[in-house]
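# A look at the structure
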Amino acid sequence: MLKCRDLERRIVEAEMELTLAKSQGYLKNQLPHSGSSSSGKKLLAVIGVYTGFGSRLKRNVFRGSWMPRGDALKKLEERGVVIRFVIGRSANRGDSLDRNIDEENSSTKDFLILDGHEEAQEEIPKKAKFFFSTAVQKWDAEFYVKVDDNINLDLEGLIGLLERRRGQDSAYVGCMKSGDVITEEGKQWYEPDWWKFGDEKSYFRHASGSLFILSKNLAQYININSASLKMYAHDDTSVGSWMMGLQATYIDDNRLCCSSIKQDKVCSVA
């Protein structure tokens, strides 16, 4: 006879499978699936670099430094690594901001445009949901990587780190931290839901927002449960809260601490 806890687990798994089947049916009609590298192998990683409407100069700096462009970007995809600038849409859909991004993308072909997301500072926690959901639908990869646009990457170092973790499910990788919850409105990093964090007002363990990595099954979890996931004031604490209820393997890797002075880190503040 099934124990109550086992029965509950099976019900949850069945619900997730049903939701996934529905989302895949929708995906088949709505999104082109790039799937794998040209060699037919599963992609190693999709790297999403957050960007904004006013950051074209910064994007060009990246394209001239660590981020491949043109044919080099295609060759990297043949190796199994996709890199895209990630951006939403203007609040005034179809305005000059949107048109400028579309024109830039038609030339560079290095954007992931989140049509359902409004690009605004206060909407950044939602951007995480849209990015991981869209990326896991569009590409079949081992890992999905979120990168801020204020850091430089050692791309080969990051690829090497990911290669060594191939096949590792439930991996939540980053520069893990906690820290105080800011309760005073108007201060940087203010958290409107501060009262939910108890008397000590300290955040749960989570990966710093500059650069963190989710394995496919964790990104798929976000995709399946996107509508019901609670968001906090910041994207890194929001993602961290989603990981708390899962059997995620927390991997604290100080090479991903972008402001660290360590010599072997794979990122640095730009």
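Note that this is a predicted model, so its numbers are computed, not measured.

This paragraph deals with helix α8 (residues 235-244). Burial of α8 is extensive: nine of the ten residues sit out of reach of the surface. Every buried residue of α8 is listed here: Asp235, Asp236, Thr237, Ser238, Val239, Gly240, Ser241, Trp242 and Met243.

Attention shifts here to the state of the cysteines. Among covalent bonds in proteins, the disulfide is the one between the sulfur atoms of two cysteines. Under the counting rule described, the total for this entry stands at two disulfides. Each disulfide pairs two cysteine sulfurs, and for Cys175 the partner residue is Cys257, the sulfurs being separated by 2.0 Å. Classification of the bridge connecting Cys175 and Cys257 rests on its S-S torsion, roughly 95 degrees, and on that basis the disulfide is right-handed. Separated by 82 residues along the polypeptide, Cys175 in strand β6 (residues 171-177) and Cys257 in the loop between β8 (249-252) and β9 (267-269) bring together distant segments of the chain. Neither Cys175 nor Cys257 differs from the other in exposure class; each is buried. Paired by a disulfide, Cys258 and Cys267 hold their sulfur atoms 2.1 Å apart. Disulfide Cys258-Cys267: the torsion about the S-S bond is -95 degrees, which places it as left-handed. Comparing Cys258 with Cys267, the two get one shared label, buried. What connects to what in the protein chain, once the bonded cysteines are numbered by sequence position, is 1-2, 3-4.

Below, the discussion takes up the packing of helix α5 (residues 124-138) against helix α7 (residues 216-225). For any two helices packed against each other, the geometry is given by the interaxial angle and the distance between the axes. Packing of α5 against α7 leaves a shortest axis separation of 8 Å and a crossing angle of 115 degrees. The crossing of α5 and α7 is left-handed. Counting all contacts with α5, which are made through Lys129, Phe132, Ser133, Val136 and Gln137, the residues of α7 involved are Lys216, Ala219, Gln220, Ile222 and Asn223. Here the contact of α5 with α7 is composed, by residue class, of four nonpolar, four polar and two charged.

Another point: the pattern of salt bridges. A complete count under the given rule lists 20 salt bridges for this structure. Between Asp98 and Arg89 there is a salt bridge, with the nearest N and O atoms lying 3.9 Å from each other. Both residues of the pair, Asp98 and Arg89, belong to the buried class. Residue Lys216 is joined to Asp140 by a salt bridge in which the shortest nitrogen-to-oxygen separation is 2.7 Å. You can see Lys216 sitting in helix α7 and its partner Asp140 sitting in the loop between α5 and β4 (141-147), a full 76 residues away along the chain. Taken together, the shared-partner salt bridges in this structure form one network comprising Arg56, Arg59, Arg63, Glu104 and Asp110.

Remark: helix α2 (residues 56-63) packs on helix α4 (residues 96-108), axes separated minimally by 13 Å, with the N-to-C direction vectors making an angle of 15 degrees. One way to sum up the angle between α2 and α4 is to call them roughly parallel. In this structure, α2 crosses over α4, and the sense of that crossing is right-handed. Only Ile101, Glu104 and Thr108 of α4 make contact with α2, whose side of the interface consists of Arg56, Arg59 and Arg63.

How each quantity is defined
Residues numbered from 1 in each chain as written. Predicted model: local features only at pLDDT ≥ 70, side-chain atom pairs only at ≥ 80, totals over all residues. Heavy atoms only, no water. Buried < 20%, exposed > 50% of the residue type's maximum accessible area, 1.4 Å probe, protein only. Helix = DSSP H or I, 4+ residues; strand = E, 2+ residues; numbered from the N terminus. Disulfide = S-S within 2.5 Å. Axes fitted to C-alpha atoms, helices over the stretch in contact; angles between N-to-C directions. Left-handed = near helix turned anticlockwise from the far one by under 90°. Contact = heavy atoms within 4.5 Å. Nonpolar A, V, L, I, M, F, W, Y, C, P; charged D, E, K, R; others polar. Salt bridge = Lys/Arg side-chain N within 4 Å of Asp/Glu carboxyl O. Parallel < 35°, antiparallel > 145°, perpendicular 65-115°, else oblique.

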